[in-house]
Amino acid sequence: MYQLNLLMISNNWEENGFIGPIKALTEKEILPITNEVRNIISNSKDFLQLRNKHLYSKLIQELCLNEIIINAVKDLMGSNLILWRTQIFKVNKNQGFGWHQDQYRTLLSEPTKHISLQIALTKSTEDNCVFFIPGSHKMNSSELNEAGLYLEENCQLNIPQYYRSFKSSIKPVKMILEPGEFFIFHPSTLHASFDRRKEHCKAPKTVNQGSFLPVGRLWNRTVGVFNSLNFQSSPRLGVAMRITVPEVKVLPTAFEKTLPRIDKCVLLHGSNENGVNELDSWSVNDKTRVNEQSLIEVG
Ligand SMILES: O=C(O)CCC(=O)C(=O)O
Ligand SMILES: [Fe+2]
């Protein structure tokens, strides 16, 4: 049975704020799940429809309940675990996510009692992978600034987003995975799959804002031109799991985008002692019909 050893916990988790790659499934074992996910993607209209498919797909459930994954999370968070979200990621080269922390401040009563992980369904490569800033989970805002990392003032998402100044010399660590491998990370660890950089501007809310916007626009335009040239390699696919403990309330806002059916948390491991969340069953049968119906209604 797989267990994180103490060295891994102290070196990787405590020092760096992430652990991986860890092998959970062989390429042969992951293949039916990858095919299922490709099928889900082709029937989905947007990112939101790629959420919480563990509630509807037996294969994604089995992936989430994989013993190696559960044991690794148990070693870090204890044995009572709540899965409150899964997200399928389909990411093209040069189109990833900018720097952010998975601190769901508007979705969880205690955003730091949380763990994120992602299982690779396809190979991730040097030029299409998630990367981390080691030790960023322990840095306060002035230490982050010293490393050239600045909080984005007007975050569009409900998680803290950052940009990396051109002056920053910090070296992100690339997480290159084979299909069936996964990584786990602390909610305060800065990570990205697109190294978003711009000129640091001391007063981002004022008229000075104009001084860095053109750089961003230029970059977006360059990426746009690249993408339209159709030089894309095949996208990277992964399933992310968002896990907390029974005492943390997952707020209704976490599920408001899953209408018409309101998704709920499921018990991933152990007991729901002192639990504050209403739990869903793991049975897919009672949900499939509603889900199919909602897809039809959406379009
Ligand atoms: O896979 C990616 O590109 C982004 C992943 C991510 O941010 C996450 O799993 O929290
Ligand atoms: Fe993230």
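Residues numbered from 1 in each chain as written. Chains lettered and ligands numbered in written order. Predicted model: local features only at pLDDT ≥ 70, side-chain atom pairs only at ≥ 80, totals over all residues.

The name that an unreviewed UniProt entry assigns to the protein is Phytanoyl-CoA dioxygenase, with the source organism given as Gloeothece citriformis.

Colleague: Could you give me a rundown of the overall build of the protein, with the residues and numbers involved?
Modeller: When helices and strands are counted, the protein shows seven helices and 12 strands. Within the protein, the proportion of its 299 residues that are buried is 31%. Nonlocal contacts in the protein, meaning residues at least 24 apart in sequence, comprise 82% of its contacts between residues at least 6 apart. (Helix = DSSP H or I, 4+ residues; strand = E, 2+ residues; numbered from the N terminus. Buried ≥ 20, exposed ≤ 12 C-beta atoms within 10 Å, placed from the backbone. Contact = placed C-beta atoms within 7 Å.)

Colleague: Would you mind going over the pairing of strand β2 (residues 81–91) in detail, with residue names and values included?
Modeller: Of all 11 residues making up β2, eight are buried, and the element is well covered by its neighbours. Across three bridges, β2 lies against strand β12 (residues 266–269) in antiparallel orientation. Looking across to β12, one finds that I82 is bridged to L267. Sheet topology places β2 next to strand β11 (residues 236–244); nine bridges connect them, and they run antiparallel. Among the inter-strand pairings, V91 is bridged to a residue of β11, identified as R236. (Pairing = 2+ DSSP bridges.)

Colleague: Let's hear about the sheet that holds β2: which residues, and what values?
Modeller: Strand order across the open sheet formed by six strands is β1-β8-β3-β11-β2-β12, with antiparallel pairing between neighbours. Each edge of the open sheet is held by one strand with a lone partner, namely β1 (18–23) and β12. On average, adjacent strands in this sheet sit at an angle of 30° to one another, irrespective of strand direction. Packing of helix α2 (residues 27–42) onto the sheet brings it into contact with β2 and β11, and relative to β2 it is tilted by some 75°. (Axes fitted to C-alpha atoms, helices over the stretch in contact; angles between N-to-C directions.)

Colleague: Please set out the sheet that holds strand β7 (residues 173–175) residue by residue, giving values where relevant.
Modeller: Here three strands make up an open sheet; going across it, the order is β7-β4-β9 and the pairing antiparallel. The sheet is open, and its two edges are formed by β7 and β9 (191–192), each paired on a single side. With two bridges joining them, strand β4 (residues 130–132) and β9 adopt antiparallel strand pairing. In the sheet register, F131 faces β9, and the bridge partner there is A192.

Colleague: Before we move on, can you summarise the site of ligand 1 with the specific residues and values?
Modeller: Lining the immediate surroundings of ligand 1 are F89, V91, G96, F97, D102, S116, Q118, V130, H191, S193, G238 and A240. Here the shell around ligand 1 is built from residues that sort into five nonpolar, six polar and one charged. (Near = placed C-beta within 6 Å. Nonpolar A, V, L, I, M, F, W, Y, C, P; charged D, E, K, R; others polar.)

Colleague: Mind laying out the nonpolar core, listing which residues take part and the relevant values?
Modeller: Core analysis: the biggest nonpolar cluster contains 54 residues, and L83, L121, F182, F183 and I184 have the highest contact counts within it. Of all the elements, β2 adds the most residues to this core, at six residues. Once residues lying within four places of it in the same chain are set aside, the contact partners of L83 are H54, C64, M241, I243, C265, V266 and L268. (Core = buried A, V, L, I, M, F, W, Y, C linked by C-beta atoms within 7 Å.)

Colleague: Give a description of the environment of L279 that names residues and reports values.
Modeller: Structurally, L279 is set in the loop between β12 and α7 (285–298). Taking the number of C-beta atoms within 10 Å as the measure of exposure, L279 has 14 and is therefore partly exposed. Between the C-alpha atoms of L279 and W84, which are 195 residues apart in sequence, the distance is 9.4 Å. With sequence-adjacent residues up to four places away left out, L279 is seen in contact with K264, C265, V266, L267 and N272.

Colleague: Requested: an account of helix α4 (residues 67–77), with residues and values cited.
Modeller: All of the buried residues along α4 are I69, A72 and V73. Along the axis of α4, the buried residues cluster in a sector spanning 95°; they form a single face. Each element contacted by the buried residues of α4 is listed here: β1, β2, β3 (115–120), β8 (181–185) and β11. Taken from the residues just after α4, G78 is the one with a positive phi, measuring 95°. (Arc of directions from axis to C-beta.)

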